[in-house]
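Next come the chains, spelled out residue by residue.
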Amino acid sequence: MILTAQIKKAADGWLDLRVIEMPDLEAHARNVEDIPDAVRDAAERLTRRPGHDFDVEVSY
């Protein structure tokens, strides 16, 4: 499943992320490079599916 992440807010050294395909998913990352792993981990917790089931694209 492809997940499209967008930065919702950047403050206090954190990026708050939203995922278009999963509006209930909440994820946070320290920098842009960490976004795919942060989204994958949050999706795994939310769905209880393995992280490798998710491909993350970052939309700017």
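Residues numbered from 1 in each chain as written. Predicted model: local features only at pLDDT ≥ 70, side-chain atom pairs only at ≥ 80, totals over all residues. Heavy atoms only, no water.

## Let's talk about unusual backbone geometry
Heads up, the condition is: Put simply, DSSP H or I for four residues or longer makes a helix, DSSP E for two residues or longer makes a strand, and each gets a number counted from the N terminus. Only protein chains enter the accessibility calculation, which uses a 1.4 Å probe; a residue is then buried when its area is under 20% of its type maximum, exposed when over 50%, and partly exposed in between.
A positive phi angle is found at Asp12, which is not glycine, with a value near 55°. One non-glycine residue, Arg48, lies in positive phi territory at about 65°. In this structure, Arg48 sits in the loop between α1 (35–47) and β4 (55–59). On the basis of relative accessible area, Arg48 is assigned to the exposed category, the value being 75%.

## Regarding the environment of Lys9
Note the following rule: Contact between two residues is taken to exist if any of their heavy atoms lie within 4.5 Å; hydrogens are not considered.
Tracing the backbone shows Lys9 in strand β1 (residues 2–11). Beyond its immediate sequence surroundings of up to four residues, Lys9 is in contact with Trp14, Leu15 and Asp16.

## Observations regarding the pattern of salt bridges
For clarity, the threshold we go by: For this analysis, a salt bridge means a side-chain nitrogen from Lys or Arg found within 4 Å of a carboxyl oxygen belonging to Asp or Glu.
This model, assessed by the stated rule, comprises two salt bridges. Across the pair Arg40 and Asp37 runs a salt bridge whose closest N-O atoms are separated by 3.1 Å. Here Arg40 and its partner Asp37 are both found in helix α1, three residues apart, which amounts to about one turn of the helix. With relative accessibility at 22%, the residue Arg40 sits in the partly exposed group.

This is a description of form; function is not addressed.
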